Each structure stands twice: as C-alpha cells, then as structure tokens.
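Residues per chain, in single letters:
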Amino acid sequence: MELVLLTAVGVGGATVLGALLGLLLRKPSHRTQDVVLSFAAGVMLAAAVVGLVLPSLELGGKYALLVTIAGIFCGAVCLNLIDRLVPHLHKINETDAEGHPRSNEQLNRVLLFVLAIAIHNLPEGIAAGVSFGTENMAQAFTVAGGIALQNIPEGMVIIAPMVAAGVGRGKTFLIAALTGLVEVVGTFLGYFAVNLSSAILPFALAFAGGTMLYVISDEMIPETHAHGNERSATYSLLAGFCLMLAFDVLLG
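The rules we used
Residues numbered from 1 in each chain as written. Predicted model: local features only at pLDDT ≥ 70, side-chain atom pairs only at ≥ 80, totals over all residues. Heavy atoms only, no water. Helix = DSSP H or I, 4+ residues; strand = E, 2+ residues; numbered from the N terminus. Buried < 20%, exposed > 50% of the residue type's maximum accessible area, 1.4 Å probe, protein only. Contact = heavy atoms within 4.5 Å. Expected span 1.5 Å × (residues − 1). Bend = angle between axes of the 7 residues up to and from the residue. Phe/Tyr/Trp six-rings, centres within 6.5 Å; stacked < 30°, edge-to-face > 60°. Patch = residues over 30% accessible without salt bridge, like charges linked within 9 Å, V, L, I, M, F, W, Y side chains within 5 Å. Areas by Shrake-Rupley, 256 points an atom, 1.4 Å probe, with all protein chains shown as cover. Salt bridge = Lys/Arg side-chain N within 4 Å of Asp/Glu carboxyl O. Core = buried A, V, L, I, M, F, W, Y, C linked by side-chain atoms within 4.5 Å. Polar contact = N/O pair within 3.5 Å; in protein donor to acceptor, adjacent residues only side chain to side chain. Axes fitted to C-alpha atoms, helices over the stretch in contact; angles between N-to-C directions. Parallel < 35°, antiparallel > 145°, perpendicular 65-115°, else oblique. Left-handed = near helix turned anticlockwise from the far one by under 90°.

## Regarding the overall build of the protein chain
Counting secondary structure elements, the protein chain contains eight helices and zero strands. Helices and strands in the protein chain line up, N terminus first, as α-α-α-α-α-α-α-α. Out of the 252 residues belonging to the protein chain, those deemed buried represent 45%. Considering only residue pairs separated by 6 or more positions, the protein chain has 84% of its internal contacts joining residues 24 or more positions apart.

So this is what it looks like as structure tokens:
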C-alpha cells in the first residue's frame, strides 16, 4: 500500500513539477513542445503495451485474447464517450501572433482546455493503480513512470494559456496542481478496484491500456504532427518508447 501511495503522489506530483517549470521558463517553441510531447507519447505507448496489454494477455486465461481486445476497445470507447459528453476543448487556437488570447472571453475556452486535461488524467491514474494488481513491481513502475514522464510536459502546457488569459500565477499553479490531484484519485480507484476482485484484473489492465492508447493516437500524435515537425516528433516518440523498453528490461 505504501508503494501505491508513493506512486500516486509521484504521478500527480509530476504534473505539479511540470506546472512549476511552466511558470519558471518562457514559452518554448512549437518544435520543442512537439519533440517533448512526442517523447512522452512514446513513453506512454511502451508503458501501455508492456505494463498493461501484455500482462492482460498473460493473466487472461483461456479467453485471454478476447478479454484483452474487449478491454482495449472498451477503454477507448469509454474515453471517447467522455470526450463527447463532457464539454471541453483539446486545443487553444484563438490567439494573436504572440500567443495571447484575443479577448477576455477566451478565459472560458482556456478553462475548458484545462478540463480536458483533467478528464484524461483520471484514466491515466486508474492505469497506474490497476498495474499494481499484477504484483509485478517492474511492470507497475514502468506504467507509473511512463505516465509521470508524460505529465511533466502536460503540466507545462497548462500554464501559458491561463497566464495569457489573465489568471494570476498563484491561481494558475493551483489549478494545474488540481489536475494532478485527479490523477492521484484515479490511482487509488484503480488499485482498490482490482483488489476487490482479482477476476477483473485482465480486463481492467486492457481497459486502462485502451484509454492510454486512445489518448496517444487521438490527441498526442496529431498535436505533435500539426506544426511541420513530423520527422523530429517521430524519432522522439521512438526514443521514448525505447527508453521505457530499456527500463522494463533493466528493472525486470
């Protein structure tokens, strides 16, 4: 339980760290953002496959393949439904040449953008918690580490639009920290869910993997390929993927 607590704090704290860096550093270029976010996508991709999907296949028993495929698609569909039912934005587009909002009304759009990040933090936290159900600490830390690394640039991305919209720096940091708290809650939800019934573990692992794969494909990769930095973004994704593979081998 202590490890789960530390993991929850670490995963949520990574968002806070990213927010702090976002306050301290000037806004990075699109190229830098794309490279960093692509690296995080590669990290999450490896974590989803190695730490969630493959263990689901190993633990699924006679119908392992069916359970895993069903879990992946259920996770993706669930996140897709959340996207459709909860009003929010994935990007902030209406800005001037310097990246500042064109009117005070943009503040509402910025807050919807932050809500989008908070929505996706919940299943990421659940994925971290579910991974501990396998009792394979190497795989659990691979998943948690991948999510934490992804949360740092995510926390940085939250800061600039809110500051530009006129939100105070202290309040901006607090809002960003709250999105990290959502992930802490998700971690405990996932952990207790699989501990209540080990029978759901294979499906829960695949479900969590499906949510992560959905975020990577639906949001992270398209975003990193939208500014003419496709080649750099692709190699950065591969670097993140290979780094997490290496961690998994070394920790295993």
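## What about helix 7 (residues 201–224)?
Between the first and last C-alpha of helix 7 there are 33 Å, a value that for 24 residues agrees with the 34 Å anticipated at 1.5 Å per step. Most pronounced at isoleucine 216, the bend in helix 7 amounts to some 35°.

## Section: the environment of glycine 129
Assignment of secondary structure puts glycine 129 in helix 4 (residues 106–131). Measuring from C-alpha to C-alpha, the distance between glycine 129 and valine 194 comes to 8.6 Å, with 65 residues separating the pair along the chain. Residues contacting glycine 129, with those up to four places away along its chain left out, are Thr187, Gly190 and Tyr191.

## Here we look at the side chain of threonine 15
Residue position: threonine 15 is located in helix 1 (residues 2–24). The class for threonine 15 is buried, based on a relative accessible area of 0%.

## Remarks on the packing of aromatic side chains
One pair of aromatic rings is described through two measures. These are the centre distance and the angle between the planes. Scanning all chains against the criterion turns up four aromatic pairs. Ring centres 6.0 Å apart and planes at 85° place the aromatic pair phenylalanine 132 and phenylalanine 141 in the edge-to-face group. The class of phenylalanine 132 is buried, set by a relative accessible area of 7%. Of the residues examined, phenylalanine 141 reaches a relative accessible area of 36% and is grouped as partly exposed. Judged by centre distance (6.2 Å) and plane angle (35°), the ring pair of phenylalanine 203 and phenylalanine 207 falls under tilted. Taken together, the positions of phenylalanine 203 and phenylalanine 207, both in helix 7 and four residues apart, correspond to about one turn of that helix. Assessed through its relative accessible area of 33%, phenylalanine 203 is described here as partly exposed. Three or more aromatic residues link up through ring pairs in this structure, and these residues are Phe188, Tyr191 and Phe192.

## Brief notes about a nonpolar patch on the surface
On the surface, Leu3, Leu6, Phe141, Phe247, Leu250 and Leu251 cluster together into a nonpolar patch covering about 630 Å² of accessible area. If you list the elements that add at least two residues to the nonpolar patch, you get helix 1 and helix 8 (230–251). In terms of residue count, the dominant contributor to the nonpolar patch is helix 8 (three residues). Tracing the sequence through the fold places leucine 3 in helix 1. Overall, leucine 3 belongs to the partly exposed group, its relative accessible area being 40%.

## Remarks on the nonpolar core
Core analysis: the biggest nonpolar cluster contains 26 residues, and Leu52, Ala127, Val130, Ile147, Met212 and Met220 have the highest contact counts within it. Within the residue set of this core, elements represented by two or more residues are helix 2 (30–59), helix 4, helix 5 (137–164) and helix 7. Top element by residues in this core is helix 7. It accounts for nine residues.

## Regarding the side chain of threonine 179
Turning to its location among the elements, threonine 179 is positioned in helix 6 (residues 169–196). Take threonine 179: its relative accessible area is 3%, and that puts it in the buried class. Of note is the side chain of threonine 179, whose polar atom sits 2.5 Å from the backbone oxygen of alanine 176. Ignoring any residue separated from it by four or fewer positions in sequence, one finds threonine 179 in contact with Thr15, Val114, Ala118, Asn121 and Ile158.

## Notes on helix 5
Over its 28 residues, helix 5 extends 42 Å from the first C-alpha to the last, a length consistent with the 40 Å expected when each residue adds 1.5 Å. Looking one or two residues beyond helix 5, the residue adopting positive phi is glycine 166, at roughly 100°.

## What about the packing of helix 1 against helix 5?
Running from amino to carboxyl end, helix 1 crosses helix 5 at an angle of 30°, the nearest separation of the two axes being 6 Å. In terms of their interaxial angle, helix 1 and helix 5 are classed as roughly parallel. The hand of the helix 1/helix 5 crossing is right-handed. When helix 1 is examined against helix 5, the residues Leu3, Thr7, Gly10, Val11, Ala14, Thr15, Leu17, Gly18, Ala19, Leu21, Gly22 and Leu23 are found in contact with a partner set consisting of Met137, Phe141, Ala144, Ile147, Ala148, Asn151, Ile152, Gly155, Met156, Ile159 and Val163.

The analysis is restricted to geometry; functional conclusions fall outside its scope.
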